[in-house]
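# Results of the structural survey
Each chain, written out:
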Amino acid sequence: SWPRFDACVLCGRTEQLTHFSSFEGGAICCHCEPVQVEKREVGPKTLAWLANGRPCPSWAPPFELLDYHIAHLMCREPRVSASLLPKSKRGRVV
């Protein structure tokens with residue numbers, strides 16, 4: 001199923017979403033984040049774009065997050081990922 005981006009998947013808070021957990025299936029707030037082992041930092045603009053379709057200044061951060069989720073589900077990085085967004089252009093949290 002599609003990950004949840006509009007609220008913390010653990011407690012339901014809609015504010016202070018700072019991380020994403022593929023294992024948990026969506027966004028995690030700053031209150032629940034410390035106890036999670038598998039997580040990835042994600043910016044508020046990226047979460048807003050994925051949750052509501054709001055404009056994002058670059059397609060790279062949302063792509064990276066969804067690529068991370070797909071790789072976690074597949075247990076390997078998709079081969080096409082490097083072609084679409086080289087590793088040298090990755091890593092910005094927006």
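Cut-offs and rules
- Residues numbered from 1 in each chain as written.
- Predicted model: local features only at pLDDT ≥ 70, side-chain atom pairs only at ≥ 80, totals over all residues.
- Heavy atoms only, no water.
- Phe/Tyr/Trp six-rings, centres within 6.5 Å; stacked < 30°, edge-to-face > 60°.
- Buried < 20%, exposed > 50% of the residue type's maximum accessible area, 1.4 Å probe, protein only.
- Helix = DSSP H or I, 4+ residues; strand = E, 2+ residues; numbered from the N terminus.
- Expected span 1.5 Å × (residues − 1).
- Salt bridge = Lys/Arg side-chain N within 4 Å of Asp/Glu carboxyl O.

Applying the stated criterion across every chain, the model contains three aromatic pairs. Taking the centre distance of 6.0 Å and the plane angle of 75° together, the rings of W2 and F5 count as edge-to-face. For W2, a relative accessible area of 59% translates into the label exposed. Through pairs of rings, three or more aromatic residues link up here, namely W2, F5, F20 and Y68.

Okay, helix α2 (residues 60-74) next. When the terminal C-alpha atoms of α2 are compared, their 20 Å separation across 15 residues agrees well with the 21 Å that a helix rising 1.5 Å per residue should span. All buried positions along α2 are accounted for by A60, P61, P62, F63, E64, L65, D67, Y68, H69 and A71. Backbone geometry just downstream of α2 places C75 in the positive-phi region, at approximately 65°.

On to the pattern of salt bridges. The tally for this structure, following the rule as stated, stands at three salt bridges. Here K39 and E33 are joined by a salt bridge, their closest N and O atoms 2.5 Å apart. Looking at K39, the relative accessible area reads 27%, which means it is partly exposed. Put simply, R40 and E64 hold a salt bridge, and the shortest N to O gap is 3.2 Å. Here E64 lies in helix α2 and R40 lies in strand β3 (residues 40-41), a separation of 24 residues in the sequence. R40 gets classed as partly exposed once you look at its relative accessible area, which sits at 28%. Given the relative accessible area of 6%, E64 is considered buried.

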